[in-house]
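Architecture at a glance
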Amino acid sequence: MLQSLAGSSCVRLVEQHRSAWCFALLVLGYLLYLVFGAVVFSSVELPYEDLLRQELGKLKQRFLEEHACLSEQQLEQFLMRVLEASNYGVSVLSNASGNWNWDFTSSLFFASTVLSTTGYGHTVPLSDGGKAFCIIYSVIGIPFTLLFLTAVVQRIIVYVTRRPVLYFHIRWGFSKQIVAIIHAIVLGFITVSCFFLIPAAVFSVLEDDWNFLESFYFCFISLSTIGLGDYVPGEGYNQKFRELYKIGITCYLLLGLIAMLVVLETFCELHELKKFRKLFYVKKDKEEDQVHIMEHDQLSFSSISDQAASMKDDQKANEPFVTSQSPTSNDSSLNN
């Protein structure tokens, strides 16, 4: 008896705080996912980093042996200056001297990466004025970009998602949920093909040092707005039609970001995902709200009925020629 009562009380407690338990599991799962990613990246990349460090150390030692007139301190100072300039997108290599990072097309590409929060980091402002303007430009431009993308996606999704789903649901009589799931999968496949697979194949041809995997990696890192900056197109010294190429990449980033948002919004509108998201939200106390609304409505209706009754009494009092007859008098007059 006591065990059944304790079990029922535990079940009742879990049901009452279901969203809190789900949220706690969500936080725990997210932390475990972070730890899992750290373990995998560390185990995969640490050996390559160690190998690269050993190769650089051997190369540096060989260079000092071949150039005995150069001290290690002088070489360290030169390399520090070169790396500092490389962090600002300026290379000392002779084959990269023809590419400017702040011509109009490169600046347009930089502005698009800033406003879309991609931020490759391969080119950054050099001057204090440029850094200050970048802050002001981003503070105004990022909310402006979010407003622009929201408005564009809201209009596109009406014609791309909602109307096709309603058409198949009303015209052909299919289940709306099944049609929405199939439509989301098809739209996702088309988006992956048009903005990941095909552009990856194009980048693997246009970029000399990129294979298909690296090109696909760039597309994903860019359209997901991660923007690591290890792969940036159009930076080769022998790049043909570099200005036109940079403008094309800018258009690709904007269109791809819009397509990604349309797909995400389409999946978010699925009934199953809505139910899943509600598990982690704080539930509103609707019962109290409904009680207050009903009490307010009852008070308002009672006050209206009281006002109507008083108005009727006043109207009857103001009509002296109208007399009320009792039912017995009416019956007697009918009998007569």
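Residues numbered from 1 in each chain as written. Predicted model: local features only at pLDDT ≥ 70, side-chain atom pairs only at ≥ 80, totals over all residues. Heavy atoms only, no water.

Per an unreviewed UniProt entry, the chain goes by Potassium channel subfamily K member 1 and derives from Steatornis caripensis. In its Sequence similarities (unreviewed entry) section, the UniProt entry covering the chain states "Belongs to the two pore domain potassium channel (TC 1.A.1.8) family." (UniProt positions renumbered as here; feature names shortened; annotations may be inferred.)

It is worth spelling out the overall build of the chain at this point. In terms of helices and strands, the chain carries 11 helices and 0 strands. Going from the N terminus to the C terminus, the chain shows its helices and strands as α-α-α-α-α-α-α-α-α-α-α. Among the 336 residues that make up the chain, the fraction classed as buried is 22%. Entry remark: accessible area of the chain is about 25200 Å², with carbon and sulfur atoms responsible for 68%. (Helix = DSSP H or I, 4+ residues; strand = E, 2+ residues; numbered from the N terminus. Buried < 20%, exposed > 50% of the residue type's maximum accessible area, 1.4 Å probe, protein only. Areas by Shrake-Rupley, 256 points an atom, 1.4 Å probe, with all protein chains shown as cover.)

Next up on the list: the environment of Phe104. Along the chain, Phe104 falls in helix H4 (residues 104-115). Sequence spacing of Phe104 and Ile247 is 143 residues, and the spatial spacing of their C-alpha atoms is 9.9 Å.

Each α-helix turn comprises 3.6 residues. Residues three or four places apart therefore point the same way. Given a rise of 1.5 Å per residue, 12 residues ought to cover 16 Å, and the 16 Å separating the end C-alpha atoms of H4 matches this to within 8%. Residues Thr105, Ser106, Phe109, Phe110, Ala111, Ser112, Thr113 and Val114 constitute the buried set of H4. Packed against the buried residues of H4 are helix H5 (128-171) and helix H8 (242-268). Looking one or two places after H4, you find Thr117, whose phi comes out positive at around 60 degrees. (Expected span 1.5 Å × (residues − 1). Contact = heavy atoms within 4.5 Å.)

Axis separation between helix H6 (residues 176-206) and helix H7 (residues 212-223) bottoms out at 8 Å; the angle between their running directions is 130 degrees. Compared by their axis directions, H6 and H7 come out oblique. For the pair H6 and H7, the crossing hand works out as right-handed. Contacts between H6 and H7 involve Phe195, Phe196, Leu197, Pro199, Ala200, Ala201, Phe203 and Ser204 from the former and Phe212, Ser215, Phe216, Phe218, Cys219, Phe220 and Leu223 from the latter. Considered class by class, the residues forming the contact of H6 with H7 number 13 nonpolar, 2 polar and no charged. (Axes fitted to C-alpha atoms, helices over the stretch in contact; angles between N-to-C directions. Parallel < 35°, antiparallel > 145°, perpendicular 65-115°, else oblique. Left-handed = near helix turned anticlockwise from the far one by under 90°. Nonpolar A, V, L, I, M, F, W, Y, C, P; charged D, E, K, R; others polar.)

On to a nonpolar patch on the surface, then. On the surface, Val192, Leu197, Ile198, Val202, Val205, Leu206 and Phe212 cluster together into a nonpolar patch covering about 590 Å² of accessible area. Broken down by element, the residue count for the nonpolar patch peaks at 6 residues, all from H6. If you trace the backbone, Val205 turns up in helix H6. With relative accessibility at 64%, the residue Val205 sits in the exposed group. (Patch = residues over 30% accessible without salt bridge, like charges linked within 9 Å, V, L, I, M, F, W, Y side chains within 5 Å. Salt bridge = Lys/Arg side-chain N within 4 Å of Asp/Glu carboxyl O.)

Turning to H6, a few remarks are in order. Under the 1.5 Å per step criterion, the end-to-end length of H6 is 43 Å for 31 residues, consistent within 8% with the ideal 45 Å. At Ser193, H6 shows its maximal bend, which comes to roughly 35 degrees. When H6 is considered as a whole, its buried residues turn out to be Val179, Ala180, His183, Ala184, Leu187, Gly188, Thr191, Ser193, Phe196, Pro199, Ala200 and Phe203. Summarising the contacts, the buried residues of H6 are in contact with H5, H7 and H8. (Bend = angle between axes of the 7 residues up to and from the residue.)

With that settled, consider the packing of H5 against H8. Interaxial distance between H5 and H8 falls to 9 Å at its minimum, and their mutual angle equals 60 degrees. Relative to H8, the element H5 lies oblique. Where H5 crosses over H8, the two elements pack in a sense that is right-handed. When H5 is examined against H8, the residues Leu149, Val152, Val153, Ile156, Ile157 and Thr161 are found in contact with a partner set consisting of Leu257, Ile258, Leu261, Val262, Glu265 and Thr266.

Below, the discussion takes up unusual backbone geometry. Of note in this structure, Thr117 is not a glycine but carries a positive phi near 60 degrees. Counting through the fold element by element, Thr117 comes out in the loop between H4 and H5. The phi angle at Thr225 is positive, at roughly 60 degrees, despite the residue not being glycine. Structurally, Thr225 can be placed in the loop between H7 and H8.

The subject of this paragraph is the nonpolar core. Grouped together as the largest cluster of nonpolar side chains are 15 residues, with contacts concentrated most on Phe203, Cys219 and Leu253. Listing elements by their share of this core, those giving two or more residues are H6, H7 and H8. Top contributing element to this core by residue count: H8, with 5 residues. By size, the runner-up hydrophobic cluster in this structure holds 7 residues, among which are Leu257, Ile258, Val262 and Val263. (Core = buried A, V, L, I, M, F, W, Y, C linked by side-chain atoms within 4.5 Å.)

Summarising the element assignment, Thr161 is placed in helix H5. Accessibility expressed as a relative area gives 4% for Thr161, which makes it buried. Engagement of the side chain of Thr161 in a polar contact is seen with the side chain of Thr266, the distance being 2.9 Å. The residues touching Thr161, leaving out its near neighbours within four places in the chain, are His183, Leu187, Thr266 and Glu269. (Polar contact = N/O pair within 3.5 Å; in protein donor to acceptor, adjacent residues only side chain to side chain.)

By the definition in use, this model includes 5 salt bridges. With a shortest N-O distance of 3.8 Å, Asp103 and Arg242 are connected by a salt bridge. Of this pair, Asp103 sits in the loop between helix H3 (72-87) and H4 while Arg242 sits in helix H8, and the two are 139 residues apart along the sequence. Judged by its relative accessible area of 7%, Arg242 falls in the buried class. Between Glu269 and Arg162 there is a salt bridge, with its nearest N and O atoms 2.6 Å apart.

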